[in-house]
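Chain by chain, the residues:
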Amino acid sequence: MDRLPGFSESSGSKKQAQINKKLKKFYEKGASLSSRFKSLISYIEKAPEDDLRKFFNENFYMIYGVFLDTFSAYENQCKRGRHDASILKDLLVVLKNVLVFLADYVKKGWQIRSIATVLEKVLYIENKHAFRKQAFELLMQFLESVQQREEAQTDLLGAAISLQPLTAKYSQGINLMTLPLSAPDKQCILIPASGNGSIQESVELLEILLSFLDNSNAESFKFWWDLFKQQYLVVFYPSIWPSKTSAGKIGFPKCPEEVQGVLINRLYNIVRKKNLEEILWEADENKELMLEIFRQNVALHVNHDDTIRKAIGVYRYCYVESPPKQLSDERLLADRTAFIKGLASIMTSKCTWDSGEAAKKHESLCLDIIALFKTIIIDYSDKIDDKTQEVIFYTLLDTASEVLSASPSNPHLAECLHAVLIDTILFIWIYTRPTKAEHWSRLCSTMAKLFHTMQTVVQVRNKIIQLTMVLQDKIYYVKTVKKKKTAKRPGMMEQTVKHMEPKSPDSDDPPALPAKDEAIRSIEWTLDDALYVWMNMLRIFDTVNSIKNPSIHHKSMQTLWQVIQALIWSEDKVPYKETLDPSRPEPLCLINIFGPWLFEACDLGNTYVEGKAQAYKVLCKMFLRDHTRPLPLKLLAHFYVILQRGLTTPDSNNIIPNAILQYSSNVFNLALPGANLLIPYYLTEIRRVVTGDSRPVAVRERAVTILTSLICVGSHLNGIDVPIGGEKAPRAQSSKSGEGNIHDFLRIARASERDSGSNSVVTPVAPLPFDALLSEVLSIMTDALKLENGEPTIQVRLIWGVCVALFEIVSTQSAANLVTSGLVLLLLKHLTGQPRIVVRAAVHAVTVLASVAPQFRALDPGILSTIVESICSNILKELGEFKSNKAYNIDEALVADQFYCLLDWVLLFGDAVCNDPKLAGKVCEALEAGLTTSLEITHGLPQKSSSRSKRKSMRSNMETNLDELYTTMINSSTAILPQIREASENSILHLLHFLHNIPGREGIDVISANITHTDDWPEEYEPKTLHFVHNDSVLFSVVEIPRFGDEEGSFCRIICRDSTGKYAWDTSIVFDFDDVEAPKLNPFRFLDEAGNEVPPMAPSQRSKVPEEPEEVPLVRERAKEQLPMHTNGYSQKTDQLNELLLFLSENYHDCLPDSGEPLNVPAVIMEAQKARVEYTEDALVAQLEEDDSAIVQLLDTAPSPQSWALGPPPIQPPMSRYQFCKMILSHFGFVTLDNLGAISLLDNNEKVTRSLNQLDLTNGREMIKVGLIYVQEGQEEQIEVLRNDSDRRTPLFSEFVRCLGWPIDVETHRAYLGGLDPKLTTGVTAPYYATSTLELIFHDLTSMPTTDDPQQIHKKRHVGNDNVHIVWSEHLRDYFPKTIVSEFNDAHIVLYPLPNGLFKVHVFKKENIELFGPLMHGMCISKQLLPYLSRATCLMANKYVRYTHEGYVSPFANRKRLLSQIVERHKVDTSFDMLVSNVLLENESGKN
């Protein structure tokens, strides 16, 4: 077949042939029009673009002819009512291809009128919208292609979109400039529409127009933009073209919302095209138009929030991000102002929304606008000028004032925006740092108006805190921060930092600061800028005391405290040495900055009581701290007046006095000038607090802290008065006897105690003499202690306060004996019936007082028996309750502590106890009750047999009773209450060993022998040792040791080991004194008792029987009822047997024989036996006569004396290896039947020796080591403190050290060294203290040599491992307990010398440790009491730390356990016969 026209040379494929075949009908001139049109459509649908382009260019005339003829034919068809959408659709397809492929022809004017006519007919509003939409797109394409456009063609664009549907929303009639295209009659309608058109259809056509506008190039954009303005924008925004719209009479009063939506969507892209910028912004009407579009967009209903957001994005870009160059500075400022005001108008809209969804959209939109303001300031600060910033400032402030007013038009919106809006305003001020004072003044005044809500205060607080953190980095920076490594005990579980760090009651946790705001942190701050902004931001609080709402005022005061707290905390964290750097910024004077507001707040009425209390708190925190520079006296005077006013004018709920007491606990231990003026006011309020129960626990605890800080002040300042109200009044008269200054204090010694605890306010009206201060303090403490159901922690503090007061009394002799006794009785009263921690504190307080027992005894000789009896009674009561009721929850540890307390007092006054049978019996009864916890108890006392009672009534000697208790102890094996039994056993053994024997000849440091059974053995000497166990409780080794030098023989050493320690005795047999010369006796001479020679008797004389002595009449030396006592002497006047028989006969008649004769009268011979007795007597007489004659005969024939005289026998060498060991055992009665089962033999081998050596390594006393740390002024780092030595310490500290304990020579010291090196690498001397129950060594850092080691490891390894530290600090700042880095330091007693001569005490402890004393945190102690109380406190601290260690075993129990193990493993199970045989006899091999 011939190639058809338009067929491509290259299209030889089969597929192409099929496509071209479709044109066959098109080229047939004789074919019908419909056939040709269908052939054309079929080809257009299948042919590729290139072939179509060639086809249309080669056959354009034919194609358009077929198209136009078909369109005309379809019009005629429509006139007949036959509408076919498919034909019209195909016609528009052909027209589209014509405009695409024949654009060059159209551009030159080819068929433009015909095409315009076709499009116009399709665009009739009566036609279906889908075809109109296609026709409108073709119209846009057509107009783009035409070069010479006719007015009718451009007007066609304006009439193509019907705006009539958009007018339906307006109540008034809308005049439009152009009427929409409409068919002349119904026959011209090509495809009838179902309705009259809709808003959606009009908007879709507008969207097509704007899309074409958006996608046009710069060349055609101007045409389309001008055409769009001319045809449509002039109607939508008639106010821009008043001349064309008859001053707004034509067009819409407000652009329809739907139009604004599509318009702003396209503007969003158009404005970002730089090539269109000049066209868009060149004309003034365009500038006004753009601004008007924005104004109407932001005025839309919030349901069109997407349109509003788009509009904001458009104009943010135009006015902020990339302002067009065509806008002058003035114009840009004006447009920006309008833009900013328009944004604010969205937030200030007074519309009320008809649905919750609309309200949410509005809130979300407002939040985005607020965020936009912040973004503009942060991201585009370099593109906006100062005037624009000022507009933003004032617009935001005005918006906040309107939206967040006290009566907002939209409360819900105000609540939603409040925090964000205030936050943004404050941030913008911070970020821009305005330099004009009026800007800051306007901010402060606006914020003051907004202080009617809590959220304003919160946001102001947040920003000021953020600025404060910036200031922290600029002023209180730390140059060098070292990470400290923390030592851990092996196997110690991970614990929180809060638990591990020792804290005091004044320890504050770091301020709870929020996370740092990175936006604020990113600002390039200088110190001046930060301080400038911070100070101006604080001016917001200038009117803080004018706030009407008390809660908000309170919150504002809290904000000030948070700022001050952060700054104080930061200031304290700066190393002291860095603060001395002159280049460093001066710290802020917080009192000058915040003082005026706080002082003013204190003068407010009681309506603002919470805020006032906060102000008092902040003032106390600022004033009552260590200041590097002394505070001016006038300022202090003002502060004192404020405190006095707050204490004397309490509110109904005592909020202000509570705040003062809680935050001024250190008011009297800082040695502030004139602070003593406040003592009467504080005492008055403290009495009300501690004697009542309505105050918070924290307040009462701090009140007690203040109270105890005054204990030593009175005697320290004796002779001075405290004036009241600034006037000097006459001083009260004091009695010379010392009782005039105790007021009504003698009442505590009375048997009946009157109730106390009244909450009535007592106002002091007269000066308080300082010599009466202690009495007043004690009066308050005793009244508080008498309260029932008192808070346990407060009771503990009061108990230790009374304990320290007793020390003060006995050291100054400032009270009568009744006062002292009353205080002691008060402590004893708390030994029972109180919470556990209270009883424990009372027991330990009484224990501590034993150290000043002699002084107590001087004041009141009967105090000893009172204390001992009370302790014993409490022990018996507790044990009696338990034995009568097994369900009774007895606290073993407390009872054990009472045993040890009893032990201390009895050891100190053993003579008094021993000389008082009743008291000694009470002690022994308590000790026995602790041993025999399984026996039944009647009325709290152990039952005893009548024989034992009689024996005790006859034997009241203390030592005898202890012997019997020891027998009870070893014979009793019950352990129902093991801790109590252990305490009782320990006490008994200590009394047996050390009563009247402490200290011994060797001194207190050596009470347990250091010698072993291997000492003093010569070389190559075979050991001779026997090991025994007595009653399975005492090990004793008998060692035979040869004498040294010229001496012959051996001596025996006995080494005893029990639970308390080891004791060694050397023994040897002594027959005479070395300094007495023995008489030389002649064996052939007879001497009388005086040593005179007696002549020998004649043989005849020797046979005479000596005459019986003359009978001496017996004399009764006793009363009839008195039991005769046995004596070791012989008296001719007294027949002891006769006396005993006579006593029995006279007092026990049931013992008499039937005859009734006394027992001492010889019995009468019975008649039946009389003959036999007489016969026996005669035989005896005859026998005696025969013996006498035989003796006479022998004497007459005896040889001379020289023939049978003997000399002394030679010394017999020992036949046994254990000769002397056996002798000492035999002489002491160990190898007897009485000891059957009591004494046993131990193996004698190396295992026993090793076990004994291990036992010897276990000390019998409690071994305590305490770190003693000296801190010089200016020292804060560990390395500085560790380098202190004896050359650096002050004489005052040296005196203190000497009073803590006596110095020992480390090289020669035989007792506990606490790890100190005898080779003197850790110092030559060390303070040491010991009793029979404990040894205390102080690791004095200043006594240890300082080496070249920068870390001073040899010092730190000692103090770092000590549980307790005593720290003497002369630094201006408070000591930080983690200065010496270690996890072992559980408690710190820190002492600060004060300028007034007293010493401030700080106590740090870990939270798992109970309160201990006698020194409590906040006390002020005199110099003479400081060493003794410090030592007692560190001992108590060590005890309380020990309570927290699970698995702790006392030395006594540990030794007892080891001793039991030795007995169990090495005891020889043998009979008594074998034991005697093994000890006294030996086999042939010489071994036993």
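Computed from a predicted model, the values in this text were never measured in an experiment.

So, how was this worked out
- Residues numbered from 1 in each chain as written.
- Predicted model: local features only at pLDDT ≥ 70, side-chain atom pairs only at ≥ 80, totals over all residues.
- Heavy atoms only, no water.
- Helix = DSSP H or I, 4+ residues; strand = E, 2+ residues; numbered from the N terminus.
- Buried < 20%, exposed > 50% of the residue type's maximum accessible area, 1.4 Å probe, protein only.
- Contact = heavy atoms within 4.5 Å.
- Areas by Shrake-Rupley, 256 points an atom, 1.4 Å probe, with all protein chains shown as cover.
- Core = buried A, V, L, I, M, F, W, Y, C linked by side-chain atoms within 4.5 Å.
- Expected span 1.5 Å × (residues − 1).
- Axes fitted to C-alpha atoms, helices over the stretch in contact; angles between N-to-C directions.
- Parallel < 35°, antiparallel > 145°, perpendicular 65-115°, else oblique.
- Left-handed = near helix turned anticlockwise from the far one by under 90°.
- Nonpolar A, V, L, I, M, F, W, Y, C, P; charged D, E, K, R; others polar.
- Polar contact = N/O pair within 3.5 Å; in protein donor to acceptor, adjacent residues only side chain to side chain.
- Salt bridge = Lys/Arg side-chain N within 4 Å of Asp/Glu carboxyl O.
- Pairing = 2+ DSSP bridges.
- Patch = residues over 30% accessible without salt bridge, like charges linked within 9 Å, V, L, I, M, F, W, Y side chains within 5 Å.
- Lys, Arg positive; Asp, Glu negative; His and termini not counted.
- Charge placed at Lys NZ, Arg CZ, Asp CG, Glu CD.
- Disulfide = S-S within 2.5 Å.
- Phe/Tyr/Trp six-rings, centres within 6.5 Å; stacked < 30°, edge-to-face > 60°.
- Lys NZ or Arg CZ within 6 Å of the ring centre and 35° of its normal.
- pLDDT = per-residue confidence, 0-100.

### Digging into the overall build of the protein
Scanning the protein for helices and strands turns up 57 helices and 19 strands. Counting every position in the protein, which comprises 1488 residues, the buried fraction comes to 50%. When contacts within the protein are restricted to residue pairs at least 6 apart in sequence, long-range pairs at least 24 apart make up 72% of them. Carbon together with sulfur atoms contributes 52% to the accessible area of the protein, which is approximately 72100 Å² in total.

### Description of the nonpolar core
Counting 362 residues, the largest nonpolar core has Phe136, Phe142, Phe236, Trp534, Phe594, Tyr682 and Trp905 as the members making the most contacts within it. When residues of this core are assigned to their parent elements, the largest contribution, 13 residues, is made by helix 36 (residues 792-812). Within the second largest apolar cluster, 24 residues are counted, among which are Ala1326, Tyr1328, Leu1341 and Met1344.

### As for helix 56 (residues 1451-1466)
For helix 56, built from 16 residues, the straight-helix expectation of 22 Å at 1.5 Å per residue is met to within 8% by its first-to-last C-alpha distance of 22 Å. Residues Pro1451, Phe1452, Ala1453, Arg1455, Leu1458, Leu1459, Ile1462, Val1463 and His1466 constitute the buried set of helix 56.

### Topic: the packing of helix 32 (residues 679-690) against helix 35 (residues 773-785)
Working note: a packed helix pair is described by the angle between its axes plus the distance between those axes. Where helix 32 contacts helix 35, the two axes come as close as 9 Å, and the packing angle between them is 15°. Taken together, the axes of helix 32 and helix 35 lie roughly parallel to each other. For the crossing formed where helix 32 meets helix 35, the hand is left-handed. Two secondary-structure elements touch here, helix 32 through Ile679, Leu683, Ile686, Arg687 and Val690 and helix 35 through Leu773, Glu776, Val777, Ser779, Ile780, Asp783 and Ala784. A class-by-class count of the residues in the contact of helix 32 with helix 35 yields 8 nonpolar, 1 polar and 3 charged.

### Some remarks on the environment of Gln77
Inspection of the secondary structure puts Gln77 in helix 5 (residues 60-79). Taking relative accessible area as the criterion, Gln77 reaches 15% and is therefore assigned buried. Beyond its immediate sequence surroundings of up to four residues, Gln77 is in contact with Arg82, Asp84 and Ile87.

### Focus on the environment of Glu578
Examined against the element boundaries, Glu578 turns out to sit in helix 27 (residues 576-579). Judged by relative accessible area, which is 10%, Glu578 ranks as buried. Separated by 3.4 Å, the side chains of Glu578 and Arg584 make a polar contact.

### A few points about the pattern of salt bridges
Taken as a whole and assessed by the stated rule, the structure comprises 59 salt bridges. Measuring nitrogen to oxygen at the nearest pair gives 2.7 Å for the salt bridge that ties Arg316 to Glu321. Arg316 sits in the partly exposed class, given a relative accessible area of 23%. The exposure class of Glu321 is buried, given its relative accessible area of 18%.

### Observations concerning the sheet that holds strand 17 (residues 1387-1393)
Taken in spatial order, the 8 strands of this open sheet run 13-14-15-12-16-17-18-19, and their pairing is mixed. Across the chains shown, the open sheet's two edge strands, defined by having one partner strand only, are strand 13 (1302-1305) and strand 19 (1420-1421). Sheet analysis places strand 18 (residues 1399-1405) next to strand 19, joined by 2 bridges and oriented antiparallel. Bridging across to strand 19, Lys1400 finds its partner in Cys1420.

### Quick word on the sheet that holds strand 7 (residues 1050-1058)
The antiparallel open sheet is built from 5 strands, whose spatial order is 8-7-6-5-11. Taken across any chain shown, the strands that pair with only one partner, and hence form the sheet edges, are strand 8 (1061-1067) and strand 11 (1239-1241). Sheet twist, expressed as the mean angle between neighbouring strand axes with direction ignored, is 25°. Pairing analysis gives 6 bridges linking strand 5 (residues 1025-1030) to strand 6 (residues 1034-1042), with the strands arranged antiparallel. Within the sheet, the bridge partner assigned to His1030 lies in strand 6 and is Val1034.

### Details of a negative patch on the surface
A surface patch of negative charge is lined by Asp329, Glu330, Asp385 and Asp386. You can see Asp386 is positioned in helix 19 (residues 386-403).

### What to know about the state of the cysteines
A complete count under the given rule lists 0 disulfides for this structure. With no disulfide of its own, Cys1420 lies closest to Cys712 among cysteine sulfurs, the gap being 8.3 Å. Overall, Cys1420 belongs to the buried group, its relative accessible area being 0%.

### As for the packing of aromatic side chains
For the structure on display, the rule yields 45 aromatic pairs. Above the face of the Phe427 ring, Lys374 is positioned so that its terminal group lies 4.6 Å from the ring centre.

### Looking at the pairing of strand 15 (residues 1334-1340)
Across the 7 residues of strand 15, 7 count as buried, placing the element largely inside the fold. Across the two faces of strand 15 the burial is the same, with Leu1334, Leu1336, Phe1338 and Asp1340 and Glu1335, Ile1337 and His1339 all buried. Bridge count for strand 12 (residues 1262-1271) against strand 15 is 7 bridges, and the pairing is parallel. Opposite Lys1265, over in strand 15, you have Ile1337 as the bridge partner. Note that strand 14 (residues 1325-1330) and strand 15 share 3 bridges and pair antiparallel. Bridge pairing in strand 15 places Tyr1328 opposite Ile1337. Linkage of strand 14 to strand 15, two consecutive antiparallel strands, is achieved through a turn of 3 residues.

### Examining the pairing of strand 8
Direction of pairing for strand 7 relative to strand 8: antiparallel, over a ladder of 7 bridges. By the bridge assignment for strand 8, Arg1057 is matched with Lys1062. Between strand 7 and strand 8, which pair antiparallel in sequence order, lie 2 residues.

### Digging into the confidence of the model for the protein
Chain-level statistics for the protein give a pLDDT mean of 81 and a share of 82% at 70 or above. Note on residues 725-766: pLDDT under 50 across the span, and 69 contacts to partners over four residues away in sequence or across chains. Here residues 1483-1488 is modelled with pLDDT under 50, and outside its nearest four sequence neighbours on either side it reaches 6 contacts, counting other chains as well.

### Thoughts on a nonpolar patch on the surface
Nonpolar side chains collect at one region of the surface, where Leu1123, Met1125 and Leu1140 lie side by side and expose about 300 Å² of accessible area between them. In this fold, Leu1123 is placed in the loop between helix 47 (1099-1102) and helix 48 (1136-1147).

### Considerations on unusual backbone geometry
Gly1413 connects to Pro1414 through a cis peptide bond whose omega is 5°. Tracing the backbone shows Pro1414 in the loop between strand 18 and strand 19. Even without being glycine, Arg433 reaches a positive phi, approximately 50°. Within the secondary structure layout, Arg433 lies in the loop between helix 20 (411-432) and helix 21 (437-449). Backbone geometry at Ala671 places phi at a positive 55°, although glycine is not the residue there. Within the fold, Ala671 resides in the loop between helix 31 (655-663) and helix 32.

### Concerning helix 5
In a regular helix each residue adds 1.5 Å, so 20 residues correspond to 28 Å; helix 5 covers 28 Å between its end C-alpha atoms and thus fits that length. Listing the buried residues of helix 5 in full gives Ile63, Tyr64, Val66, Phe67, Thr70, Phe71, Tyr74, Glu75, Gln77 and Cys78. Those residues of helix 5 that are buried are in contact with helix 2 (24-27), helix 3 (33-46), helix 4 (49-58), helix 6 (85-101) and helix 8 (112-122). Remark: Gly81 follows helix 5 within two positions and exhibits a positive phi of approximately 85°.

### Comments concerning the environment of Glu869
Note that Glu869 resides in helix 40 (residues 863-884). Residues Glu869 and Ala920, 51 residues apart in the sequence, show an inter-C-alpha distance of 9.6 Å. Leave out the neighbours within four places in its chain, and Glu869 touches Lys918, Leu919 and Lys922.

### Quick notes on the side chain of Asp1362
If you trace the backbone, Asp1362 turns up in the loop between helix 54 (1353-1359) and strand 16 (1364-1369). From its side chain, Asp1362 meets the backbone nitrogen of Gly1267 in a polar contact 3.2 Å long. Filtering out sequence-adjacent residues up to four positions away, Asp1362 remains in contact with Lys1265, Val1266, Gly1267, His1339, Phe1384 and Asn1385.

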